[in-house]
Amino acid sequence: MYGLSDADLQLQARAAAFADELIPLEVEAELNRGELPKDVTAAHKARAIELGLFATNMPPELGGGGCTTLQQVLVQEQVGRVTNALAWVAATPPSWLPQVATPYQLEKFIRPTVRGEREECYAITEEGAGSDVDGIVATAHRDGDDYVLNGEKWHVTSYNCADYAFFQGRLVGGTHDGEHAMFLVDLPSPGVAVLRTPAYMHTFSHHHPIVTFTDVRVPATHLVGAEGDGMSFAYEWFRFERMMVAARCLGGAQRLVDEMTAFAAEREVQGRPIAQLGAIQAMLADSLTELFAARSMVYETARGIDAGADVKIQHSQCSMAKLYASEMAGRVADRAVQVFGGRGYMRENVAERLFRELRVERIWEGTSEVQRSIIADQMIKRGPRSLA
Ligand SMILES: Cc1cc2nc3c(=O)[nH]c(=O)nc-3n(C[C@H](O)[C@H](O)[C@H](O)COP(=O)(O)OP(=O)(O)OC[C@H]3O[C@@H](n4cnc5c(N)ncnc54)[C@H](O)[C@@H]3O)c2cc1C
C-alpha cells in the first residue's frame with residue numbers, strides 16, 4: 001500500500017518495532033509525571049540511534065540518516081503511536097542548520113547533536129508573540145566580540161533536557177537595527193534562568209518553562225547565519241516541523257483506530273459486541289476513512305518535497321497536511337474516548353492520554369487558524385489549482 005519501496009518498508013518496520021517496545025512503559029510514565037528512570041530513557045535513546053531512527057533528517061556526512069522526507073515521515077508516524085513522548089528519543093535535530101552553520105558551529109553544536117551527545121531547545125515564542133513571531137520584543141545587541149541577549153521566552157520545550165538553546169531576538173543598533181537574528185546559547189549560561197515551569201495538559205518528562213535571558217553574553221561566533229536572517233530560519237523549520245507534526249498525528253490516530261476497533265470487537269453489551277452497533281460502527285468507519293485521507297495527503301506532500309516541489313507549494317501543502325492531520329487526530333481521539341466509554345476517561349487508557357496529548361498539535365508550530373490563513377493567502381496569490 002502507498003507505493004512504499006523496500007527500503008521504506010524496512011525503516012518503517014524498525015520504527016514500528018521500536019514503538020512497540022516503548023508502549024508497555026506508557027502507564028508507568030503517565031503515573032510518574034512522564035518520567036521513567038534515567039537509565040531506562042538513556043537506553044531507549046541508544047536503541048533509537050542503533051536502529052537508525054535518530055537524526056533521520058540529517059545528512060550522512062554529518063552522521064545523520066540522510067533519509068528522504070517520506071522516510072522521515074514514516075519514522076515519525078511510528079513515534080506518534082507512543083504516548084507520553086517516550087519515543088521523542090528518536091529525535092530530529094535542526095536540519096536547516098548545517099547549510100548555514102560555520103565550521104565552528106558544526107563541530108561544537110551540530111555533530112555532537114547528531115551523535116546524540118547534545119540536545120537543543122527553541123526559545124522563540126514570547127508572552128506577546130506566538131502566532132505572530134514577528135512581534136517578538138527580545139533583543140540582541142553587539143558589544144565588541146559578543147552579543148548581549150535580553151528577553152523572556154515562553155513554552156521552551158525540552159529546556160530541562162537541553163544543553164543549548166536557539167534564541168531569537170530583535171537587533172538593537174547596527175545596520176540591521178530592528179531585524180531578527182538567531183543565536184546559539186550554551187546551557188547553562190550566566191543570565192539564563194527559569195522563571196517558572198507551568199504544568200501542561202500532557203504528562204511529558206520534557207518541560208516547557210518560561211525562561212528569562214538577562215544580559216546573556218554569547219560570542220559573535222554563535223550568531224546563526226547573518227544578522228537579519230532570523231525569520232527565514234524560523235519559516236524553514238516550521239515547514240519541516242509541520243510535516244513531522246502531521247506524521248505523528250497519523251501515528252496517534254492509527255494507534256487509536258487499532259485500539260478502539262479491538263475493544264469494540266471484544267466488549268459485549270446485552271450479549272453482542274458493540275462493534276455491531278450502528279453508532280459505534282459510524283465512529284470506527286469515520287476514523288479510518290479520515291486517517292486514510294490524511295495519510296494519503298501527508299505521504300503525497302512528502303513525495304513532492306523529495307521531488308523538489310516549489311518551496312511556496314511545499315509551504316502551503318505542509319500547512320494543509322498539518323491542519324488536516326492534526327484536526328483528524330483530534331476527532332479520532334474524541335471518538336476513541338467515546339467508544340471506550342468510562343474506560344476511555346481513565347488515565348491508564350491510551351484514548352484518554354492521546355485525547356489530551358494530541359490537542360497541542362492544533363496549536364504548536366502554528367495554530368490551525370494560522371495554517372488556514374497561510375493556505376488561503378497562497379490560494380489567492382497562486383490559484384487553488386497550483387496547490388492541490
Ligand atoms: C506545549 C507547547 C510547547 C511549545 N513549545 C515551543 C518551543 O519549544 N519554542 C517556542 O518558541 N514556542 C513553543 N510553543 C509556542 C507555540 O508555538 C505557540 O503557542 C503557538 O504558535 C501559538 O501562539 P500563542 O500561544 O501566542 O497564541 P496566540 O498567537 O495568542 O493565539 C491565540 C488565538 O488567536 C488565534 N490567532 C492568532 N493569530 C491569528 C491570525 N493571524 N489569524 C487567525 N487567528 C489567529 C490563534 O489561532 C489562537 O486561536 C509551544 C506551545 C505549547 C503549547
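Residues take numbers from 1 onward in each chain, read along the sequence in its written order. pLDDT decides what is reported in this predicted model: residues at 70 or higher carry local features, side-chain atom pairs at 80 or more are listed and counted, and totals for whole chains, interfaces and linings draw on all residues regardless. To obtain the side-chain values, all non-hydrogen atoms of the structure were used and water was disregarded.

Visitor: Tell me about the environment of Lys 153, and name the residues and values.
Guide: Where helices and strands are cited, they refer to DSSP runs of H or I of at least four residues and of E of at least two residues respectively, numbered from the N terminus. Topologically, Lys 153 is positioned in strand S3 (residues 146-153). Within the structure, the side chain of Lys 153 is placed 2.7 Å from the backbone oxygen of Gln 168, a separation counted as a polar contact. The term polar contact refers here to a pair of N or O atoms within 3.5 Å; inside protein, the definition further demands a hydrogen-donor-capable atom paired with an acceptor-capable atom, and it admits residues adjacent in sequence only when both atoms are side-chain atoms.

Visitor: Which residues make up empty space enclosed by the protein, and what are the values?
Guide: Grid points spaced at 1 Å and placed over the protein atoms alone form the basis of the search, with a cavity being a set where a 1.4 Å probe fits but cannot get out and a pocket an open set showing protein on both sides within 12 Å along at least five of seven lines. Lining residues have an atom within 4 Å of a point. Grid points are joined across faces, edges and corners, and a volume is the space filled by probe spheres set on the points. Scanning the entire structure with this criterion turns up two cavities of 30 Å³ or more. In this model, the largest cavity occupies a volume close to 160 Å³. Among the elements of the structure, helix H7 (230-266) and helix H10 (350-357) are those that each provide at least two residues to the lining of the largest cavity. Among the elements that line the lining of the largest cavity, the one with the most residues is H7, at three residues. In this count, Pro and Cys sit with the nonpolar residues alongside Ala, Val, Leu, Ile, Met, Phe, Trp and Tyr, while Asp, Glu, Lys and Arg are called charged and the others, Gly among them, polar. A per-class count over the lining of the largest cavity returns ten nonpolar, two polar and three charged. What the second largest cavity holds in volume is close to 30 Å³. Ala 15, Phe 18, Ala 19, Leu 53, Val 75, Gln 78, Val 79 and Ala 87 are the residues that line the second largest cavity. Elements represented by at least two residues in the lining of the second largest cavity include exactly helix H1 (6-22) and helix H4 (69-79).

Visitor: Before we move on, can you summarise the packing of H4 against H7 with the specific residues and values?
Guide: How two helices sit against one another is set out by the angle between their axes and by the gap between those axes. Structural elements are reduced to axes, namely lines fitted to C-alpha atoms, with helices fitted over the stretch in contact, and the angle between N-to-C directions of any two is expressed from 0 to 180 degrees. The N-to-C vectors of H4 and H7 enclose an angle of 50 degrees; their axes lie 6 Å apart at closest approach. As summarised for this structure, H4 and H7 are arranged oblique, according to the angle between their axes. As for the relative orientation of H4 and H7, their crossing is right-handed in sense. In contact with Gln 72, Val 73, Gln 76, Glu 77 and Val 79 of H4, H7 contributes Phe 240, Met 243, Met 244, Ala 247, Arg 248, Leu 250 and Gly 251. In these notes the angle categories are as follows: under 35 degrees is roughly parallel, over 145 is roughly antiparallel, 65 to 115 is roughly perpendicular, and the rest is oblique. Note on convention: near helix rotated counterclockwise from far helix by under a right angle means a left-handed crossing. Clockwise means right-handed. Any two residues whose heavy atoms approach within 4.5 Å at even a single point are treated as in contact.

Visitor: I'd love a proper account of the layout of surface pockets, names of residues and values included.
Guide: As a volume, the second largest pocket reaches approximately 360 Å³. Along the wall of the second largest pocket there are 19 residues; nearest its centre are Thr 69, Ser 95, Glu 236, Phe 240 and Ile 305. Within the residue set of the lining of the second largest pocket, elements represented by two or more residues are H4, helix H5 (97-100), H7 and helix H9 (311-340). Counting residues per element, the lining of the second largest pocket draws most heavily on H7, at six residues. In the lining of the second largest pocket, the residues fall into ten nonpolar, seven polar and two charged.

Visitor: Outline the site of the ligand, supporting the account with residue identities and numerical values.
Guide: Throughout this document, a residue counts as near a molecule or strand when at least one of its heavy atoms sits within 4 Å of that molecule or strand. In the neighbourhood of the ligand, 15 residues make up the surrounding shell, with Thr 125, Ser 131, Thr 157, Thr 367 and Glu 369 lying closest. Within the backbone of Ile 124, one N or O atom sits 3.1 Å away from an oxygen atom of the ligand. The separation between an oxygen atom of the ligand and a polar side-chain atom of Glu 369 is 2.6 Å. Here the shell around the ligand is composed, by residue class, of six nonpolar, seven polar and two charged.

Visitor: Report on the side chain of Gln 72, specifying residues and quantitative values.
Guide: Structurally, the position occupied by Gln 72 is in helix H4. For Gln 72, the side chain forms a polar contact with the main-chain oxygen of Cys 67, separated by 3.0 Å. Contacts of Gln 72, omitting those with residues within four sequence positions, involve Thr 56, Asn 57, Cys 67, Phe 240 and Met 244.

Visitor: Summarise the packing of aromatic side chains; cite the residues concerned and give the values.
Guide: Under the pairing criterion, centres of Phe, Tyr and Trp rings, with the six-membered ring standing for Trp, must be within 6.5 Å; the plane angle then separates stacked pairs below 30 degrees from edge-to-face pairs above 60, leaving the rest tilted. Taken as a whole, this structure holds 13 aromatic pairs when the rule is applied. Aromatic pair Tyr 2 and Tyr 299: ring centres 5.1 Å apart, planes at 65 degrees, arrangement edge-to-face. Note that Tyr 2 is positioned in the segment before H1 and Tyr 299 in helix H8 (residues 278-306), a separation of 297 residues in sequence. Residue exposure (1.4 Å probe, protein chains only): buried if accessible area is under 20% of the type maximum, exposed if over 50%, otherwise partly exposed. Its relative accessible area of 2% is what places Tyr 299 among the buried residues. Three or more aromatic residues link up through ring pairs in this structure, and these residues are Trp 96, Phe 109, Tyr 122, Tyr 164, Phe 166, Trp 237 and Phe 240. Looking at Lys 153, its charged tip hangs above the ring of Phe 167, at a distance of 5.2 Å from the centre. Two limits define a charge over a ring: the Lys NZ or Arg CZ must be within 6 Å of the ring centre, and within 35 degrees of the ring normal.

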